[in-house]
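Report on the structure
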Amino acid sequence: MSSISDSNQTTDKFNICREGSKFTNMVNFGGAIRINPMGLCVICGIVVLIVFFGMSGTAPPPPSVSLKQLLTVAIAAATEGGKEVVRIREQAEIGESSKGKTREGANDPKTDGDMLSHKAMYWGIKRLFPYVNVISEEHDVKAVDMSTVKLLSLENSEVNKIVTEDTLVPAEEISVWIDPLDATQEYTENLRHFVTTMVCIAINGAPVIGVIHKPFDKVTAWGWAGPDYKSRSVEEDSKGNIAAEVDLGKSRIIVSRSHAGKVNATAQSALGKDIKVTPAGGAGYKAWEVLKGTQDAYVHSTLIKKWDICAGNAILNSLGGDLTTLKGKSIDYSGVEGNEKNEGGVLATMHHHKEYVDKLSSLDQ
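No experiment lies behind these values; they were computed from the predicted model shown.

Topic: the overall build of the protein
The secondary structure content of the protein amounts to 12 helices and 17 strands. Considering only intrachain contacts with a sequence separation of at least 6, the fraction spanning at least 24 residues in the protein is 72%. Of the roughly 17800 Å² of accessible surface on the protein, a fraction of 54% belongs to carbon and sulfur atoms.

Right, dumping it as structure tokens:
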């Protein structure tokens with residue numbers, strides 16, 4: 001009954017516009033000012049929308065988001081988070097604690113660098129894009145004073161030069177995944193070259209824009225799949241990585257330090273004993289090595305969180321590469337509760353992805 005009543009009232013409001021022309025003929029303020037009929041209809045329409053949303057109790061939909069602006073802010077967020085990572089690492093005490101054990105039995109540490117980077121990145125993005133869903137590896141332990149969160153820049157000269165066309169996307173279709181400090185274990189060991197901060201922008205679950213920042217090297221890689229916009233760093237690092245005939249039996253495989261031995265044994269059984277397996281820290285670092293061409297494939301055979309792999313996935317896609325499960329399935333990055341785990345392993349390549357899937361899918365047990 002309520003919806004019918006609302007509909008009748010809305011129809012009555014629009015009847016005003018039908019009489020707009022008569023009304024303006026009747027009203028003439030001294031012959032000097034005449035109300036425009038079209039303007040009156042626009043005003044009536046606005047009033048009707050206000051009345052409709054007010055009576056129905058529903059809020060208007062959130063605004064659309066400029067992906068160009070969101071990319072710019074993502075780069076600024078990764079950079080600002082990186083500054084906190086570096087600042088804390090230079091101190092004598094980094095505030096290390098443990099979240100527990102990983103499935104492989106390795107320590108899962110957390111530091112002040114993780115938390116302060118999270119604050120700069122998560123709240124920096126939310127301050128400018130409050131309607132966008134942001135998923136972070138870390139969580140705040142107390143309320144955040146927003147006056148202490150730096151306002152991130154909406155200007156980036158490289159983005160302005162490279163991104164020639166913008167795209168507007170409804171905010172509810174966007175999920176932003178952030179990793180405030182990738183390779184925390186290596187960070188605690190002062191293995192700085194493995195450390196990155198990462199932001200990924202997924203649209204309806206698909207990884208579209210990825211940002212990987214190396215805070216100790218002060219270099220940032222980013223890519224936008226679809227239009228395939230890429231940072232100069234990505235262009236430079238990947239320019240020699242071209243498709244060619246490959247002997248999978250001599251592949252260079254990069255894997256996590258925590259379970260290099262297991263992957264080495266299983267990969268050798270699948271590809272041959274002449275492969276070279278390189279242990280390394282950080283999913284962001286490993287994806288970057290693949291795009292550079294120093295490694296043929298990044299392989300991970302156990303559970304991994306999506307904030308670890310989303311940015312690398314988007315950047316590789318912008319280059320024509322792939323990052324999937326070990327069975328070759330695309331990974332869903334929809335930012336819904338409980339969707340942060342990827343159970344199917346990881347296979348990232350620039351070339352010959354299907355051939356690697358055929359050989360390595362058995363690793364996903």
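Details of the pairing of strand 13 (residues 297-300)
Neither face of strand 13 is left uncovered, since the one carrying Ala297 and Val299 and the one carrying Tyr298 and His300 both have all their residues buried. Here strand 11 (residues 252-256) runs beside strand 13; their pairing, made up of two bridges, is parallel. Across the sheet, residue isoleucine 253 finds its bridge partner in strand 13, namely alanine 297. One ladder, built from four bridges, connects strand 13 with strand 17 (residues 346-349); its direction is antiparallel. Paired with alanine 297 across the bridge in strand 17 is threonine 349.

Let's talk about the state of the cysteines
Across all of its chains, the model carries one disulfide by this definition. Paired through a disulfide, cysteine 200 and cysteine 310 show a sulfur-sulfur distance of 2.1 Å. Handedness of the cysteine 200-cysteine 310 disulfide follows from its S-S torsion of about -45°: it is left-handed. Remark: cysteine 310 occurs in helix 11 (residues 306-318) and cysteine 200 occurs in strand 7 (residues 196-203); sequence separation between them is 110 residues. Of the residues examined, cysteine 200 reaches a relative accessible area of 1% and is grouped as buried.

What to know about the sheet that holds strand 15 (residues 322-324)
In space, the five strands of this open sheet follow the order 12-11-13-17-15, with mixed pairing throughout. The sheet is open, and its two edges are formed by strand 12 (276-280) and strand 15, each paired on a single side. Ignoring which end each strand starts from, the neighbouring axes of this sheet average 20° apart. In this fold helix 11 packs onto strand 15 and strand 17, with an angle of close to 145° to the strand it touches most, strand 15. Lying on the sheet, helix 12 (residues 353-360) is in contact with strand 11, strand 13, strand 15 and strand 17; it crosses strand 17 at an angle near 150°.

A closer look at the side chain of asparagine 241
On the secondary structure map, asparagine 241 appears in the loop between helix 8 (232-238) and strand 11. Judged by its relative accessible area of 13%, asparagine 241 is buried. Within the structure, asparagine 241 has its side chain in polar contact with the side chain of histidine 351 (distance 3.1 Å).

Section: the packing of aromatic side chains
Going through the model one piece at a time under the given rule, you end up with four aromatic pairs. Between the aromatic rings of tryptophan 177 and tryptophan 307, the centroid separation amounts to 6.3 Å while the plane-to-plane angle is 45°, which identifies the pairing as tilted. Residue tryptophan 177 is located in strand 6 (residues 174-182), and its partner tryptophan 307 is located in helix 11; the two are separated by 130 residues in the primary sequence. Here tryptophan 177 matches tryptophan 307 in class, with each residue buried. Consider the rings of tryptophan 224 and tyrosine 229, whose centres lie 5.4 Å apart with planes at 75°: the pair is edge-to-face. Here tryptophan 224 matches tyrosine 229 in class, with each residue buried. Positioned over the ring face of tyrosine 187 is arginine 89, at 5.7 Å from the centre of the ring. Taking NZ or CZ as reference, lysine 214 lies 4.1 Å from the ring centre of tryptophan 288, over its face.

Section: the nonpolar core
Leu71, Ile174, Val176, Val199, Ile201 and Trp222 are the most contacted members of the largest nonpolar core, which totals 34 residues. At the level of secondary structure, the elements contributing two or more residues to this core comprise helix 4 (67-89), helix 5 (112-128), helix 6 (157-162), strand 6, strand 7, strand 8 (206-214) and strand 9 (219-224). No other element matches the nine residues that helix 4 contributes to this core. Those residues in contact with isoleucine 201, other than ones at most four positions away along the chain, are Leu67, Leu70, Leu71, Ala74, Ile174, Ser175, Val176, Ala206, Pro207, Val208 and Ile209. Counting residues in each nonpolar core, the second largest holds 32 residues, with Ile212, Ala314, Val346 and Met350 among its members.

Some points on the pattern of salt bridges
Under the criterion given, the structure shown has 11 salt bridges. Glutamate 84 is the salt-bridge partner of arginine 87, the closest N and O atoms lying 2.7 Å from each other. One end of the pair is arginine 87 and the other is glutamate 84, both in helix 4 and three residues apart, which spans about a single turn. A salt bridge links lysine 354 to aspartate 358, with the nearest nitrogen and oxygen atoms 3.3 Å apart. In this pair, lysine 354 and aspartate 358 both sit in helix 12, four residues apart, roughly one turn of the helix. Like lysine 354, the residue aspartate 358 is exposed in the burial classification. Because the salt bridges share partners, they merge into one network encompassing Glu80, Lys83 and Lys150.

Rules used throughout
Residues numbered from 1 in each chain as written. Predicted model: local features only at pLDDT ≥ 70, side-chain atom pairs only at ≥ 80, totals over all residues. Heavy atoms only, no water. Helix = DSSP H or I, 4+ residues; strand = E, 2+ residues; numbered from the N terminus. Contact = heavy atoms within 4.5 Å. Areas by Shrake-Rupley, 256 points an atom, 1.4 Å probe, with all protein chains shown as cover. Buried < 20%, exposed > 50% of the residue type's maximum accessible area, 1.4 Å probe, protein only. Pairing = 2+ DSSP bridges. Disulfide = S-S within 2.5 Å. Axes fitted to C-alpha atoms, helices over the stretch in contact; angles between N-to-C directions. Polar contact = N/O pair within 3.5 Å; in protein donor to acceptor, adjacent residues only side chain to side chain. Phe/Tyr/Trp six-rings, centres within 6.5 Å; stacked < 30°, edge-to-face > 60°. Lys NZ or Arg CZ within 6 Å of the ring centre and 35° of its normal. Core = buried A, V, L, I, M, F, W, Y, C linked by side-chain atoms within 4.5 Å. Salt bridge = Lys/Arg side-chain N within 4 Å of Asp/Glu carboxyl O.

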